[in-house]
Each structure stands twice: as C-alpha cells, then as structure tokens.
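Listed below are the residues making up each chain.
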Number of protein chains: 2
Amino acid sequence: MPNHAHHQRRRAEFLAAINTPVLLMAGGWISRNYPANWHPFRADSTFLFFFAEPEANAAALFDPKDQSVTLFLEERTQTDALWHGTVPSFAELKKAIGVTAVEKRSDLAKLVSKKLGKRKARTLGIPDQRATAEAIAITGNAVDFFDAAKVGDVDLLRTIAQLRNHRHPDELAEMRLAAAVTREAHTVAMARTRPGIYEQELVGHVEGTFARHGCVPAYNTILSVRGEVLHNHAHNNLLKESDLVLLDAGAERASGYCADVTRTWPANGRFSPEARDIYDIVLAAEKAAIAAVKPGVRYRDLHMLSARVMTDGLVQLGLMKGNPDELVATGAHAMFFPHGVGHLLGLDVHDMEAFGDLIGYGAGRKRSEQFGTAYLRLDLDLEPGMCFTIEPGIYFVPAILRDAKFRKQFKGLVDFARAERFLTMHSLRGFGGIRIEDDVLCTDTGCEVLSECVPKERLAIEALVGSAGA
Amino acid sequence: MPNHAHHQRRRAEFLAAINTPVLLMAGGWISRNYPANWHPFRADSTFLFFFAEPEANAAALFDPKDQSVTLFLEERTQTDALWHGTVPSFAELKKAIGVTAVEKRSDLAKLVSKKLGKRKARTLGIPDQRATAEAIAITGNAVDFFDAAKVGDVDLLRTIAQLRNHRHPDELAEMRLAAAVTREAHTVAMARTRPGIYEQELVGHVEGTFARHGCVPAYNTILSVRGEVLHNHAHNNLLKESDLVLLDAGAERASGYCADVTRTWPANGRFSPEARDIYDIVLAAEKAAIAAVKPGVRYRDLHMLSARVMTDGLVQLGLMKGNPDELVATGAHAMFFPHGVGHLLGLDVHDMEAFGDLIGYGAGRKRSEQFGTAYLRLDLDLEPGMCFTIEPGIYFVPAILRDAKFRKQFKGLVDFARAERFLTMHSLRGFGGIRIEDDVLCTDTGCEVLSECVPKERLAIEALVGSAGA
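Here is what the cut-offs are and how they apply
- The residue numbering used here restarts from 1 in each chain and proceeds along that chain's sequence as written.
- By the order in which they are written, chains take letters starting at A while ligands take numbers starting at 1.
- Reporting of local features is limited, given that this is a predicted model, to residues whose pLDDT is at least 70; pairs of side-chain atoms are given and counted only at 80 or more, and all residues count toward the totals for whole chains, interfaces and linings.
- Hydrogens and water molecules were not included; the side-chain quantities draw on all heavy atoms of the structure.
- Only heavy atoms matter for contacts: two residues are in contact if any of them lie within 4.5 Å across the pair.
- As a working definition, buried area equals the accessible area (1.4 Å probe) given up by two parts on being put together, with both sides summed.
- Here, a salt bridge means any Lys or Arg side-chain nitrogen found within 4 Å of an Asp or Glu carboxyl oxygen.
- Residues adjacent in sequence count toward polar contacts only when both atoms are side-chain atoms; beyond that, a polar contact is any pair of N or O atoms within 3.5 Å, and within protein one must be able to donate a hydrogen and the other to accept it.
- Secondary structure follows DSSP: runs of H or I at least 4 residues long count as helices, runs of E at least 2 residues long count as strands, and numbering of each begins at the N terminus.
- Gly is put with the polar residues, along with every residue not named as nonpolar or charged; the nonpolar set is Ala, Val, Leu, Ile, Met, Phe, Trp, Tyr, Cys and Pro, and the charged set is Asp, Glu, Lys and Arg.
- We define a nonpolar core as any set of buried Ala, Val, Leu, Ile, Met, Phe, Trp, Tyr and Cys residues linked to one another through side-chain atoms lying within 4.5 Å.
- Burial classification: accessible surface area is computed with a 1.4 Å probe over protein chains only, and a residue below 20% of its type maximum counts as buried, one above 50% as exposed, and the rest as partly exposed.
- Strands pair, by our definition, only if DSSP identifies at least two bridges between them.
- Computed over the protein atoms alone on a 1 Å grid, cavities are sets of points where a 1.4 Å probe fits but cannot get out and pockets are open sets with protein on both sides within 12 Å along at least five of seven lines; a residue lines them when it has an atom within 4 Å of a point.
- Grid points are joined across faces, edges and corners, and a volume is the space filled by probe spheres set on the points.

Visitor: Explain the interface of chain A and chain B to me, please; I cannot follow it from the model alone.
Guide: The accessible area lost on association of the parts is a frequent measure of interface size. Taken together, the contact pairs 57 residues of chain A with 57 residues of chain B. Here chain A packs against chain B, burying approximately 4800 Å² in sum over the two surfaces, 61% of which is carbon and sulfur. At the junction of chain A with chain B, the criterion picks out three salt bridges. Among the salt bridges present, the one from B:Glu201 reaches A:Arg212, with a minimum N-O distance of 4.0 Å. At the surface where chain A touches chain B, the tally comes to twelve residue pairs in polar contact (both at pLDDT 80 or more). Of all elements in the fold, only α3 (78-84), α9 (199-212), β6 (216-217) and α14 (398-401) of chain A reach the threshold of two or more residues within the side of chain A that touches chain B. In terms of residue class, the side of chain A that touches chain B is built from 28 nonpolar, 19 polar and ten charged.

Take a look at the structure:
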C-alpha cells in the first residue's frame, strides 16, 4: 500500500493554484497485439504526480470552487475476486487516498457535468488516445497529445510544471532508489562484459536487474559497441576485444520516478590509449558542468561549458585546431558532440517533454539553429529542487565527419584526416563514442549527484569489467 | 538480416486467396509517457505474419488484380545516419524482402488511390489507433480493433485465419526457439526459488532471461504464491516455506512467435502431501488431454476430458462426491477448475483473439453459458498445423468456494467443508492453485509438445528448486 500523504499535499497545492476545474485522466491499458494483451500499465505522468500507483482508467476532477478532488475508478465486480483477487472498496480507497469522493468511472461524464454545470474544466492530452478522446468530449478542450502546442492550456501546463519541477523530499527519495537500482544494473553489466558475447546478453542482465527490483526501463535501453549511433536500440553486435561498450539505461520505479545514466567501458577491461584520452576529456567536461550547477545558473551555460572543456581536450589531441572559445562559438565542437548536454528528469526521463519548449526553455528563449546546440532540450535558469541530467559525449560519426558540407564549413578547425583514423580503426568498426551521464539535483547552494553511486572513474570501471567471470 | 523467403511465400498464398485489394498496417511506436518515449515496438500480428521484422509505420497494399505487393516505409532522411546509423535503402529492401515495390509512407493514401481507382481495399483494425484511423480514412472500412465484430470483414478474417492457423516449418522453428528460451527462464526461476525472497525477484530472473536471448514477455508474467488469483500481475508477496509458486510466462521472439507455459512448484523444494496429490491430478489431466490430441478431435472434448480426469481425482480426495461423469455434466468441476483448458497460440499468445469467436469457435458453435466452460476460448475441430495450449488447473478460490449461490447449487456434489480446510491452511494464506500448461502442435497423426523441454515431472522439479543456492 503506497503512502498517499505526499500526493495529498500536492493535490492541495494544485487546487490552490488553479482557478477553473481540471479533469485529469490516468489512461488505461494499451493493447499490444489483441485487446486483452497489454503493455505494462503506465499512468500518465501528471496523474502519477497527484496519485500514488493509480489504477488503470482512473480519472480525477479537481474543483477549486469547493476545493474538492473526485476520483473516478472502475466499478468493482463480482468476477474481480476470481480473476484479480480482493480489491479495496471505494470507501476504503477514499479514506486511504484522502480524496473528497470516489465515484464510478462509468459515471464520469454525467457527474462532471452535474458538478460543474455551466463551468468548463480544462484537461491534458495523454498517451492513451481513447482516454484523451473521452476527456475532449467531456471538457470541450481540443487537446492533442502529439502536438506540444495543443497538449493543454498554456497556463495549466505552467501551473503543473511549477509543481512538478520542484522536487519534494519524497520525490527525491524515489529518484535515489531508482538510481540505486540503476547502479546495480550498470555494475552487473560491467561485471558480465567480456569479448565474444552479444550486446543483447548484457541488455538482459540490465533489464533483469531492473525487474528483480520491481522496476522497468524508463526508456528503451541503449547498449551498444556503436556508441556513435546515438539512438541505437539494436543489440545484435558481438563484443570484440577493441570495442567500447556504451550503456544508457535507467530504472523507473512503480511510482514513475526514474534514473537516466550512461557509462562507457572497454569490452576487454582495459582502456586503449586513445579511449583513455577521450574518456578523460568527457569525464572532465561532465565534472566541470556538474561543479558549475547552482541556483541561478543558466542551463545552456552548462552545455557551453562542457563543449568548451571537450574542445580544449580535442585541441590537445590534435583533432581540432585553434582557440577553444572561438571554436565553440563557430559550433565546430558539434562535429564530435552533436547533442545537448541534458534534459529535465523526473516522472518522465525527459521530464514534461510532452509540454514542449514552453517548459524546458525560459521565457523569451528559443532553440539555437546551430547544428548540435539545436538539440539542447533545456534552457532554464536553475532553481533548487530541479532535477536534470548532465551527459556530455564525444563520438566519431561517419555521417558527420565525412559530410562534405561540414568538411567545408569547419575546414582548418577540425582535423578531418586525423578524425578519419578514428573512423577506420579496429578493422573499420571505428572508435565509436563515449558518453558519461549522471542525474543531478540543484540544491540551495549547489547540487547533489543522485547517480553518483554508479562507477565512472576509469580505474573503478576497469576493476569491474569482466569480474563476474565466464 | 531476417530470411524473407517464408514470408514471401505466405504473401503469395494470401494474394491467391483474396479477390479484392487489402491494405495492412504494421502500426507505429506507441507512446508511453511523452511522444518520443515508446513502448518497445511491436507490429500487428497479421503484418508480422506477412513481413519479417517489419519497420514501425510500415503499410502494405496487396492487390490480387496484378498479384502485386507494395510496401510503404518511412522515408530515409539525412539525420537517420546520425541518430539511427545506416539504414538500408528502398532499393535494397525491395530486393531483400521480395516485394513488387517499396514506396514512401507519406504517399500511402495518394498511391493507394492512384493504383486502385474505383476499386476498394479492405483492411483490419490494429492496436495502433492512429494507424487504424488512417486505414479507415483510406479504405472507407469502418473497422474497430476493440470490437471483434467490427475488426474486419468476415471473409477477410477467415482468409487470414486459414493461413495463420496452419503452421509452416519455419513458424514451428520459431515457436520451438521461443519454447527453449521459456524453458531456460522457468528453470532459472525454479533454481532461484527459496523461502524469504519476493516474487518480484523471480520475475526479474524470468524476464532477464528472456531479454538475454532477445525475447520479450509474450504477455504480462504471472508469478505468484496466490495461484488461485488467475490474472494476478502483482509480485509483492514474500515466499514462505509452505507456498506453491505458480509461474505462467512465455518468451516472444523478434519474429512475434511465442510460447505460453505454466509450471507450479513448492517454494521449499518439497511438495507437501496435499500439494503432491493435487499436482498429480492436474498433471494426469494435462497428459490425458495431450494424449488425445489428433486431427479431427474437437477441442472442447479435450476440455471436458481434462475436467473429467480432475473430477475423478477430486472425488478420490473426497473434495467432490458422486459419479465423475455426472459431476462434470452439472459443471461442479468448475468450483476447482473455473477456466478453459486452453487457446490458440502463435503470433499472439491467444492467437487471433482480436478476431473473436469467429475464429476460435467452429461454424455453428457458440460459448457455453455454464460457469467455467463459458471461459473456453477455443472450440475447433483440430487440424494438422494448429498450435494451442493445454492448461488444466485446480484452484482453491475463496470467492468461488464460499459463494452462497454455488454452495447451494452444488450442495452434496462438492464437499465445501473439506474445501474450506484448503482455504485456511498455511496460516490462512490457503493452498492457492496449481496449473500445468504446455504448447501443443497438432500433427498429421497426433501431436508434438513444443514446450516438452520445460520440466514438469515432480521429481525433476524438486531437484531444480533452490539449486542455484543463496
């Protein structure tokens, strides 16, 4: 039985912040192949923020007029006891959850209409398209989950984001637990690594570890010796002696809170000289960005700082040429670091990404048009309680480093000939990529690294790799 | 790279069997919390039948007029190489897959209209509601995935079922591989079992084993010491010395083909005298039903046969009273065996359940209204190539055995007082339930048990339980 006290407080804060009724849907079971065979149930994140472990198909009406919260649940039937065992009654749940009333889900439209009269409720688009269609029919809001500009009323989104973006201690406790499970999964994967096995086998150890602790992957696990393919969800490669294994995987707890951690290690347990050099540059960039976290800092500056540190390192390795500050200004670093340094993290691994840049970008700020920085998902001034990732990386991507346009644009700034050697090393498989990612909480005075527990120092990693034996 | 030859033959068979064009959709990524965070992609089962490892958002137009198959795929973009690595071109795929043409997905509506002119295509409702809406708009068929009566044209469903229900050797090879992974998962779970751990830990071993082999759970894993709760997906119980662990879990391969196997074992590795008696009855019922499988046999008769064997055993144990045949005729066996003995198995774990009893029930046959047998999902005359499960079970369900209506209806036929002792044993946790389930292929002369590899003899199970140590 989850503890509902924290969620009750959040509902009270929400009621105090809204001036019109709000209807929220949890969403239901999403069919996988036939109607009764579902993906594991996952409630909408905003619903999870307000209700601990909600039932599928739940809905809730928040009414600021009488400060009421009405929860709608599927009616209990006699056959429930046969197929699903004993289910708590509405009266028991009303008391345990601490809501004003619990009503039958089948009465949702009728009771909302009865309670609100001529007043209109606002709502949100959620992943479950059938639930969204129902919410649209009831509220008249033409919301669209797949269009951030139409997912909900701007004021409503901002009100929800203001609450979701400042973590209470109970939320942080969940995130630390997700990080602890994630630590175990990463260390198991490192320990099981050896040349001659398939990536898929390590994925099994990662996801099996999550499942043993009642967690699911917060996102589709990336585990690849082709770390330079950024969104690589295939796991068909055989590990070779010279490979680097990049694992980007995080556990999500039943509460919905998650972790998002990346580590990179050598398949044979020893960083090659080239890998060691690149690893140390990425780690220095990650640590520099983390060290700079404190309230008031602009997140984009952390992105630019990590780009600056990596550019400095790449200049020292001879892969870039010139003054690092000037190189970063041109965007040349994106030839090796083509993505943003991180994103919000919470109930979604890209927290509130469904709400669009309205939430991730500060007022008046918009995305850069420069290749690389254009992918930065977050540009807020940090405040205590915000959680986000810091995840710099250096990659040798053929599609970038052999691109004629880029080769012309960054001629003289990037040593493409030297980079080509990284693309063709290891019997043409190439160097791949290295990313190091942690989960960071902005505190009153600086930051706490929630995922500090996952090994990332080179010697610690080398000691772990292969330690589980054959 | 999958082998496309088998699927090409199936497409040819389908083209030969249809007399109007048919548009099939694979379906796309289904969002889990924000639009870009998806459940693992799973194509519609009928699409998987015709195409090996299809891409998300694929669609296919089958036109019997010119015997053509046009495959529609998402256009390749320049950023694909950055985010997703090298993707085969349309020309490469046309050759490898063996279709008439490969076209851009964004041209689907336009090219279908152009090719068919005034002719109309039929289509199917699939789990992806957005893809279904698109297919409805293109074909004008008002299909509804969630209503078996509207999921597609009856002739089209029968044509597809005729193909899907008779397994070719390549399909059986996939199902045997799924069974082999399932065997490993079940034996790992048995080996890891010991009192004092949580059910969830064993689930992690099961699903981690699936993942190590590139498989996913074909359905949400049931692993519970409360085996009498038939659809129990919670895994929060601590295993006690006296518990029986019921595991109902099957692996699904990337091809979509799956297994569905149930085993039940004692948490402490030794069947109690009561558990041994019940186990032997269930196993006898399972073996009797399997032994009776051959072409021409009515599946419902297998259900009644297993009910008969279990009733006989329960009479011998004093839990039922009277002549077994007469008891089965009254439906009294459903007090302990309240579900059907199995279902079709293939690309869906309940194969083609989306198509409704049209497929699972023979012409002119409909569901029994008797409690228990009403849940029988299959009532066909068996033919070579059909695959299905055989899964009898005996459960002590409080909601049934304490039901006043049933106690009156079956007074004198069921010894409810004796049953009550099973409900309250083991410090009131009760006996629980035992189910044994295997996957069976009807052959020309009898049957093959695809999942025979999963241990089910009592001594074999006792030797396995706890063998992994602490």
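Visitor: Honestly, the nonpolar core in this entry has me stumped. Any pointers?
Guide: Generally speaking, a soluble globular protein has its nonpolar side chains buried in company with each other. Core analysis: the biggest nonpolar cluster contains 131 residues, and A:Phe51, A:Phe62, A:Leu71, A:Ile278, A:Phe336, A:Phe388 and A:Phe396 have the highest contact counts within it. Among the elements that line this core, the one with the most residues is helix α10 (residues 273-291) of chain A, at nine residues. In contact with A:Ile278, not counting residues within four places along its chain, are A:Leu314, A:Leu317, A:Leu319, A:Ile394, A:Phe396, A:Phe422, A:Phe431 and A:Ile434. One finds B:Phe49, B:Phe145, B:Leu302 and B:Ile461 within the second-largest nonpolar core, a separate group that totals 130 residues.

Visitor: Looking at this structure, I do not really get the pairing of strand β8 (residues 244-249) of chain A. What am I missing?
Guide: Across a regular strand the side chains alternate sides, sitting on one face of the sheet and then on the other. Residue and element names in this part refer to chain A. The buried count for β8 comes to six of six residues, which makes it a mostly enclosed element. Of the two faces of β8, the one holding Leu244, Leu246 and Asp248 and the one holding Val245, Leu247 and Ala249 are both buried throughout. Judged from the three bridges that link them, strand β7 (residues 222-224) and β8 form a sheet pairing that is antiparallel. Across the sheet, residue Ile222 finds its bridge partner in β8, namely Asp248. Bridge count for β8 against strand β10 (residues 261-266) is six bridges, and the pairing is antiparallel. Note on β10: the bridge partner recorded for Leu247 is Arg263.

Visitor: What's the story with the layout of surface pockets in this structure? I'm lost.
Guide: Empty space left among the atoms is revealed by rolling a probe the size of a water molecule over them. Within this model, the second largest pocket holds a volume of roughly 570 Å³. Taken together, 30 residues make up the lining of the second largest pocket; nearest its centre are A:Ile30, A:Pro127, A:Gln129, B:Ile30 and B:Gln129. Along the lines of polarity and charge, the residues of the lining of the second largest pocket split into 14 nonpolar, eight polar and eight charged.

Visitor: Before we go on, may I ask you to explain the pattern of salt bridges in this structure?
Guide: Oppositely charged side chains can form a pair if their charged atoms are brought close together. Within the structure shown, the criterion is met by 81 salt bridges over all chains. The salt bridge partner of A:Lys456 is A:Asp438, with a shortest N-O separation of 2.7 Å. With A:Lys456 in the loop between β15 (447-449) and α17 (458-464) and A:Asp438 in strand β14 (residues 438-442), this pair connects stretches of sequence that are 18 residues apart. The class for A:Lys456 is buried, based on a relative accessible area of 5%. Classification of A:Asp438 as buried rests on a relative accessible area of 0%. Of the charged contacts in the structure, one is a salt bridge between B:Glu184 and B:Arg212, with a shortest N-O distance of 2.9 Å. With a gap of 28 residues between them, B:Glu184 in helix α8 (residues 169-192) and B:Arg212 in helix α9 (residues 199-212) connect regions that are remote in the sequence. Here the salt bridges share partners, and the residues they tie into one network are A:Arg9, A:Arg10, A:Glu13 and A:Asp170.

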